[in-house]
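A structural walkthrough
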Amino acid sequence: MVVRRAFQAEQDPWDRMAAGCRALLEASLEPAVRKLTLVEAPGALRWSTMRNIQTGCKEQMRRGLVIAIEAGCIPDRPLEPLTSLLYGGICEIALDLADAIDQHAVLEDSLAELDLVLAGRHAPGCAHKDQGES
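The structure displayed is predicted, hence computed values, not measured ones.

On a plain count of helices and strands, the protein chain comes out with seven helices and zero strands. Helices and strands appear in the protein chain in the N-to-C order α-α-α-α-α-α-α. Counting only residues that meet the buried cut, the protein chain has 36% of its 134 residues in that class. Within the protein chain, contacts between residues at least 6 apart in sequence are counted, and of these 64% link residues at least 24 apart.

Moving on, we come to the packing of helix α2 (residues 13–27) against helix α5 (residues 79–99). At their nearest, the axes of α2 and α5 sit 9 Å apart, and the two run at 30° to each other. In terms of orientation, α2 lies roughly parallel with respect to α5. Regarding α2 and α5, the two cross each other, and that crossing is right-handed. For the pair α2 and α5, the contacting residues are Met17, Cys21, Leu24 and Leu25 in the first and Leu86, Ile90, Ile93, Ala94 and Leu97 in the second.

This part is about the pattern of salt bridges. Evaluation of the coordinates by the stated rule reveals two salt bridges. The salt bridge partner of glutamate 59 is arginine 63, with a shortest N-O separation of 4.0 Å. Taken together, the positions of glutamate 59 and arginine 63, both in helix α4 (residues 47–70) and four residues apart, correspond to about one turn of that helix. Note on arginine 63: relative accessible area 42%, which makes it partly exposed. Of the charged contacts, one joins arginine 62 and glutamate 80 as a salt bridge, the two residues approaching to 2.7 Å between their closest N and O atoms. Remark: glutamate 80 occurs in helix α5 and arginine 62 occurs in helix α4; sequence separation between them is 18 residues. Residue classification places glutamate 80 among the partly exposed residues on the basis of a relative accessible area of 45%.

Below, the discussion takes up the side chain of glutamine 60. Note on placement: glutamine 60 falls in helix α4. Residue classification places glutamine 60 among the buried positions, given a relative accessible area of 16%. Those residues within four positions of glutamine 60 in sequence are excluded, and the remaining contacts are Val3, Arg4 and Phe7.

What counts, and at which threshold
- Residues numbered from 1 in each chain as written.
- Predicted model: local features only at pLDDT ≥ 70, side-chain atom pairs only at ≥ 80, totals over all residues.
- Heavy atoms only, no water.
- Helix = DSSP H or I, 4+ residues; strand = E, 2+ residues; numbered from the N terminus.
- Buried < 20%, exposed > 50% of the residue type's maximum accessible area, 1.4 Å probe, protein only.
- Contact = heavy atoms within 4.5 Å.
- Axes fitted to C-alpha atoms, helices over the stretch in contact; angles between N-to-C directions.
- Parallel < 35°, antiparallel > 145°, perpendicular 65-115°, else oblique.
- Left-handed = near helix turned anticlockwise from the far one by under 90°.
- Salt bridge = Lys/Arg side-chain N within 4 Å of Asp/Glu carboxyl O.

Here you go:
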């Protein structure tokens, strides 16, 4: 829910992706979220069950990528590997945060790297960015 709200709060399709990723990572700092989703659930549930639970989040990311491609923010590309790459990276960062001694430092470093990765998103002729730039 927090990821969806962050996603919907942004107008730019690719900024929506960044906001959703940030929201997921920030939520993983909350002790109850961290304990349940990153520590206890993976140990109590089978791998296939965890994958099924995560399907909705991954599908939300896929839809966000479709919107970004349709808006011309990023070049058209195969969605499945792109979705898996981005979603897998975010999940790994969330796991890193769970074990970090200085979680806020790891979060800030991770968000800075995420911004760098996502900043390379402008495709030539990205219509929504070209309109506002002189």
